[in-house]
Amino acid sequence: MGRWRLRDLAVDAVRNVTGTPARSLLLGVVAAGVVGGLVFTELAFTQSLLDFQASFAAKGGHVVVASNDDGLPAARCAALAATPGIAAAAVEPGVPVETNVAPGTLFQTGTFTAGGLGLFTAGTQPEVADVADRWILAAAAADELGLEPGMWLSIDGESRRVGAVVDTEDRNPQIARWILTIAPPVGDVTQCWVEYAPGAQSGRIELLDTIFADTGDNLVVRPWIRLDEFARNPTQELAGRPQRNAWVAAGLLLAALWWLATWFRRAHIGLYRAVGTSPTALLILGFVEAALPLIVGAAAGTLWATAAWAAGSGGFPDPDQARIAVRAAASTLLVALVAAPLLWPLTGRGSVAQQLKDR
């Protein structure tokens, strides 16, 4: 590095940055805009994928249904809920009935095990103690009958209070007009509903095929909702998003801006060379001068974009979103910091006399 010490290079570079506030501010503002725009784009894109996944899960996207008209062991189905990451409910349709509230109008009846309270209910699920030995009305049936929890309902002479009204429209609209009761896991049922944790992406159908393999040839195991019905694959969308490699272009854009500023400082570089500054020292000077406004600008842009996105969305990014956004910002900054200082030693390869004439 010639006669320069590393500390002296750093101090001189800082003085150059603070001595030209307009240039430093311009580079910082551009860095904030470029990095902030990329961070905001990543946050908005990943949020759309998270919203889709939440909607997919709410509709029962992770539910697999095993059905067999010959019967499935209810106890075996209910026991699946003991496995971590699995919720299960054994379901058995009943017979159509009339009620004392609406004579002449038939409503379907059915039973399910306690796991169905969480598996079929959108929102807050009722407690088992609140619905034991009581009717559970699906929302459409409750609206049609004009009943609310706590009111009495008589079916075929059997009177019970309404324990809960559950909204099954998202998870199982087929039972929207059903009058349900909780049943113990005994005997056989015709359906076993199983919901897996979102992380379980393979072996879901095979597990139920294996568990109920001895129930006969009429066994059918299928996903409740197929992903192609939604025509989207979040994993593929994330991997193929348009801005996936935008950090390269963004970093080179910031480097090009610094190269432009460096080109107009040829005489300044010539003065450094005239006092014996080596190419390595010039590289360090260029790096420190570029790093200060770029790092400050990129950090400000990231914070601004995150705050703007949070204000618009009403929430904060989750860890995965933040990781993707920060990685994009850091990658952009890294490309810029690697490429930006290179013009200093390259410019220093010219004639010192010619560079000094450019003042």
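Attention in this report is confined to the structure presented alongside it. (Residues numbered from 1 in each chain as written. Predicted model: local features only at pLDDT ≥ 70, side-chain atom pairs only at ≥ 80, totals over all residues. Heavy atoms only, no water.)

## Things to note about the overall build of the protein
For the protein, the helix and strand inventory stands at 14 helices and 9 strands. Computed over the C-alpha atoms, the radius of gyration of the protein is 33 Å, more than 25% above the 21 Å expected from 2.2 N^0.38 for a compact globule of 359 residues. For the protein, the C-alpha atoms occupy an extent of roughly 110 × 45 × 30 Å along the three principal directions. Per-residue burial for the protein yields a buried fraction of 41% across its 359 residues. Contacts in the protein between residues at least 24 apart in sequence constitute 81% of all its contacts with a sequence separation of at least 6. For the protein, the computed accessible surface area is about 18000 Å², with 61% contributed by carbon and sulfur atoms. (Helix = DSSP H or I, 4+ residues; strand = E, 2+ residues; numbered from the N terminus. Rg over C-alpha atoms; globule rule 2.2 N^0.38 Å. Buried < 20%, exposed > 50% of the residue type's maximum accessible area, 1.4 Å probe, protein only. Contact = heavy atoms within 4.5 Å. Areas by Shrake-Rupley, 256 points an atom, 1.4 Å probe, with all protein chains shown as cover.)

## Considering the packing of helix 2 (residues 21–58) against helix 9 (residues 246–263)
In contact at an axis separation of 10 Å, helix 2 and helix 9 are set at 170° when each is read in the N-to-C sense. Comparing the axis directions of helix 2 and helix 9 gives the class roughly antiparallel. Taking contact as the criterion, the partners of Arg23, Leu27, Val30, Ala31, Val34, Val35 and Leu38 in helix 2 are, on helix 9, Ala246, Trp247, Ala250, Leu253, Leu254, Leu257, Trp258 and Ala261. Grouping the amino acids of the contact of helix 2 with helix 9 by side-chain chemistry returns 14 nonpolar, no polar and 1 charged. (Axes fitted to C-alpha atoms, helices over the stretch in contact; angles between N-to-C directions. Parallel < 35°, antiparallel > 145°, perpendicular 65-115°, else oblique. Nonpolar A, V, L, I, M, F, W, Y, C, P; charged D, E, K, R; others polar.)

## A short note on unusual backbone geometry
Backbone phi values are negative for most residues with the exception of glycine, while trans is the configuration of most peptide bonds. For Asp133, which is not glycine, the phi torsion reads 60° and is therefore positive. Locating Asp133 in the fold gives a position in the loop between helix 5 (128–131) and strand 4 (135–138). The backbone of Asp156 shows a phi angle near 50°, a positive value even though the residue is not glycine. Within the secondary structure layout, Asp156 lies in the loop between strand 5 (152–155) and strand 6 (158–166).

## Some details on the side chain of Gln321
Structurally, Gln321 can be placed in helix 12 (residues 319–339). Side-chain polar atoms of Gln321 contact the side chain of Gln47, separated by 3.2 Å. Beyond its immediate chain neighbours, meaning those up to four positions away, Gln321 contacts Leu43, Thr46, Gln47, Leu50 and Trp309. (Polar contact = N/O pair within 3.5 Å; in protein donor to acceptor, adjacent residues only side chain to side chain.)

## Looking at the sheet that holds strand 5
Spatially, 9 strands are ordered 5-6-4-7-3-2-8-1-9 in an open sheet, and the strand pairing comes out mixed. The two strands at the open ends of the sheet, each matched to only one other strand, are strand 5 and strand 9 (220–223). Averaged over all neighbouring strand pairs, the angle between strand axes comes to 35°, with direction disregarded. Relative to strand 7 (residues 178–182), strand 4 is paired through 2 bridges, and the arrangement is antiparallel. The partner of Ile136 across the bridge, within strand 7, is Leu180. (Pairing = 2+ DSSP bridges.)

## Concerning the layout of surface pockets
The computed volume of the second largest pocket comes to approximately 200 Å³. Looking at the second largest pocket, the residues that line it are Thr46, Leu49, Leu50, Gln53, Pro234, Thr235, Leu238, Asp318, Asp320, Gln321 and Ile324. The set of elements that each furnish at least two residues to the lining of the second largest pocket consists of helix 2, helix 8 (234–239) and helix 12. Broken down by element, the lining of the second largest pocket gets its largest block of residues, 4 residues, from helix 2. The class makeup of the residues in the lining of the second largest pocket is 5 nonpolar, 4 polar and 2 charged. (1 Å grid on protein atoms, 1.4 Å probe; cavity = no way out; pocket = protein on both sides within 12 Å on 5 of 7 lines; lining within 4 Å. Points joined across faces, edges and corners; volume = space filled by probe spheres on them.)

## So, the state of the cysteines
By the definition in use, this model includes 1 disulfide. Put simply, Cys77 and Cys192 are joined by a disulfide, and their sulfur atoms are 2.0 Å apart. Disulfide Cys77-Cys192: torsion about the S-S bond near 90°, hence right-handed. Within this pair, whereas Cys77 is found in helix 3 (residues 74–79), its partner Cys192 is found in strand 8 (residues 188–196), the two being separated by 115 residues in sequence. Taking relative accessible area as the criterion, Cys192 reaches 0% and is therefore assigned buried. (Disulfide = S-S within 2.5 Å.)

## Brief notes about the side chain of Glu42
Tracing the sequence through the fold places Glu42 in helix 2. A distance of 3.0 Å separates polar atoms of two side chains, one belonging to Glu42 and the other to Arg241. When near neighbours in sequence (up to four residues on either side) are disregarded, Glu42 contacts Arg241, Gln243, Ile324, Ala325 and Ala328.

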